[in-house]
Amino acid sequence: MDVTPATPRLDAAAVAAAFGLGDVREPPVPVPGGRSHPLWRLRTGSGVWAVKRLNRPREAWWDAEYAVAAAVQENAFRHGIAMPRPVHPLRPAAPLLADLRDGEGELRSFLVHAWCDGAQVPETGVPRAVRRWAGRTLAALHALPAPPGVGGAPVLRRPHAVAEWREALDGAPGDVPDGFVGAVRRFLPDVARAVGLVGAALERPGAAPVFTHADVKPDNVLVTAGGPVLLDWDGARADLAAWEVVRAGLAFGRTARGPGRAGFLDVLGAYREAGGAPVEAAPATFAGEVDRRVGGAAWLLWRALGHRPVSAAERAASYGHVLEYLAELRRVLRSAERWTAWLADARRL
């Protein structure tokens, strides 16, 4: 069911003109790895750039969330967080975003950042120095003032209710592959448990969100000559600090057998040493990991069912990705009690 989508063609000259990058010196090079948004490396007379085409639903909710993400990104860059430099388009359609017509006349949205040469971080066996960098970086992010222009206290999105999942599956179009809807339905008890856990965690006393990256994990980090940098800020948003740091601890501490205690403690220890707040040793603290899985699965499900503006190949790839996210969600729910013991160990560091 999992099909790797073909990278669409990029009109490099149009992007270069929209962002004031100068003349194109080489054909754009597709960069593999992203599930959601195509990415290219582009060399022009003014430098080397990362060009991302956002698969953007043109809906008010997306515009509002994206505006927050752009504000968080620019705020982090101004305060010295290690990250690629964002480039402002000459005529922005939204903050940091340019809209261009493709060869079929479709309106497409693009972001540009300065290209960073570096080595990717492995999914398992992340070097200890990078794990500790992740903890320190999160502490710095969580201490930042709110981004200018973002009104009011940050508010967390709640995951889609199980009733919404059932409604979407009941109305699945006829071109959905045989067996897909039934396979998703078998995970609905896990979805229900996840939605309840996230809701209960958000209602706990002291659950005050921060504006942050919200997806700090190894595949969003490059190790450059000047040290690690944090990539992919277009999903930045409000998150609970504790949720984000424990997600990072699990991701950066991963071994060939799954999340590892030693790496988890490295991230949490560096976070505390850099001024991060103590993290409560309770299963509810892992609701952020649950939230990411169930939220990602819902987004990809809506894509798989044809409710998002993506290509046929990208839609086809979503079927497998939905089931991957749901399988990961089940594993997280089964592991939360064991991981809570690690949090107790982290508080004794």
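Preceding this section is the structure that the text describes.
Note on numbering: residues in each chain are counted from 1, in written sequence order. Residues qualify for local features only when their pLDDT is at least 70, as the model is predicted, and side-chain atom pairs are given and counted only at 80 or more; totals for whole chains, interfaces and linings, by contrast, use all residues. Each side-chain value is derived from all of the structure's non-hydrogen atoms; neither hydrogens nor water enter the calculation.

Student: Even after reading the chapter, I still don't get the sheet that holds strand β9 (residues 227-230), so can you show me in this structure?
Tutor: Pairing between sheet strands relies on hydrogen bonds along the backbone, with the strands arranged either parallel or antiparallel. Only strands joined by at least two bridges in the DSSP assignment are considered to pair. Helical segments are the DSSP runs of H or I of at least four residues, strand segments are the runs of E of at least two, and each set is numbered from the N terminus. On the basis of which strands lie adjacent, the open sheet formed by 3 strands has the order β6-β8-β9 and antiparallel pairing. Here the strands that pair on one side only, and so sit at the sheet edges, are β6 (119-120) and β9. As paired elements, β6 and strand β8 (residues 221-224) share 2 bridges and run antiparallel to each other. Directly across from Q120, in β8, lies its bridge partner L222. Contacts were defined at the residue level, with two residues in contact if any of their heavy atoms lie within 4.5 Å. Orientation is described by axes fitted as lines to C-alpha atoms, over the contacting stretch for helices, and by angles from 0 to 180 degrees between their N-to-C directions. Of the strands in this sheet, β8 and β9 touch helix α3 (residues 128-142), which is tilted by about 50 degrees from β9.

Student: Looking at this structure, how should I read the environment of R315?
Tutor: Relative to the helices and strands, R315 resides in helix α10 (residues 312-347). Residue R315 is classed as buried on the basis of its relative accessible area of 16%. For the pair R315 and H79, spaced 236 residues apart in the sequence, the C-alpha separation amounts to 38 Å. Ignoring sequence-local partners within four residues, the contact set of R315 consists of P173, D175, V176, R303, A304, L305, G306 and V310. Here a polar contact is recorded for every N or O atom pair within 3.5 Å, except that within protein the pair must consist of a potential hydrogen donor and a potential acceptor, and residues adjacent in sequence are included only if both atoms are side-chain atoms. In terms of polar contacts, R315 uses its side chain to reach the side chain of Y319, at 3.4 Å. Throughout this description, buried means an accessible area under 20% of the type-specific maximum (1.4 Å probe, protein chains only), exposed means over 50%, and partly exposed covers the range between.

Student: Mind showing me how you'd approach the layout of surface pockets here?
Tutor: Gaps between atoms show up when a probe of the same size as a water molecule is rolled over them. Put plainly, a pocket is an open set of points on a 1 Å grid over the protein atoms alone with protein on both sides within 12 Å along at least five of seven lines, a cavity is a set where a 1.4 Å probe fits but cannot get out, and a lining residue has an atom within 4 Å of a point. Grid points are joined across faces, edges and corners, and a volume is the space filled by probe spheres set on the points. Size it by volume and the second largest pocket reaches roughly 520 Å³. In terms of lining, the second largest pocket is formed by 26 residues, of which the most central are P8, R53, D102, E106 and R108. If one sorts the elements of the lining of the second largest pocket by residue count, strand β5 (residues 107-114) sits on top with 4 residues.

Student: What is the right way to read the pattern of salt bridges from this model?
Tutor: Where charged atoms from two side chains of opposite charge approach closely, those side chains can pair. By convention in these notes, a salt bridge is any Lys or Arg side-chain nitrogen within 4 Å of a carboxyl oxygen on Asp or Glu. Under the defined criterion, the tally for this structure stands at 21 salt bridges. Across the salt bridge formed by R330 and D190, the nearest N and O atoms sit 2.8 Å from each other. Taken as a pair, R330 in helix α10 and D190 in helix α6 (residues 188-202) lie far apart in primary sequence, 140 residues in all. R293 is the partner of E289 in a salt bridge, and the nearest nitrogen-oxygen pair spans 2.7 Å. With E289 and R293 both in helix α9 (residues 287-304), this residue pair falls 4 residues apart, about one helical turn. The same class applies to E289 and to R293, which are both buried. A network of salt bridges, in which partner residues are shared, links R56, R58, D63 and D99.

Student: Help me out: how do you make sense of the sheet that holds strand β3 (residues 47-54) in this one?
Tutor: Here 5 strands make up an open sheet; going across it, the order is β1-β2-β3-β5-β4 and the pairing antiparallel. This sheet does not close on itself; its edge strands, each paired only once, are β1 (29-30) and β4 (98-101).

Student: Explain helix α7 (residues 241-252) to me, please; I cannot follow it from the model alone.
Tutor: Because an α-helix completes one turn every 3.6 residues, residues spaced three or four positions apart along the sequence face the same direction. Between its first and last C-alpha, α7 extends 16 Å over 12 residues, near the 16 Å set by a 1.5 Å rise per residue. Most of α7 sits inside the fold, with 11 of its 12 residues counted as buried. Expected span of a helix: the number of residues minus one, times 1.5 Å.

Student: When you look at the nonpolar core in this model, what are you seeing that I'm missing?
Tutor: Across soluble globular proteins, nonpolar side chains have a tendency to be buried as a group. In this text, buried Ala, Val, Leu, Ile, Met, Phe, Trp, Tyr and Cys residues form a nonpolar core when linked through side-chain atoms within 4.5 Å. With 79 residues, the main nonpolar core has W165, F180, W233, F252, F264 and L326 as its most contacted residues. The element contributing the most residues to this core is α10, with 12 residues. Excluding residues within four positions of it along the chain, W233 makes contact with A69, V72, Q73, A76, I81, M83, L141 and H213. One finds V15, A18, L21 and V112 within the second-largest nonpolar core, a separate group that totals 17 residues.

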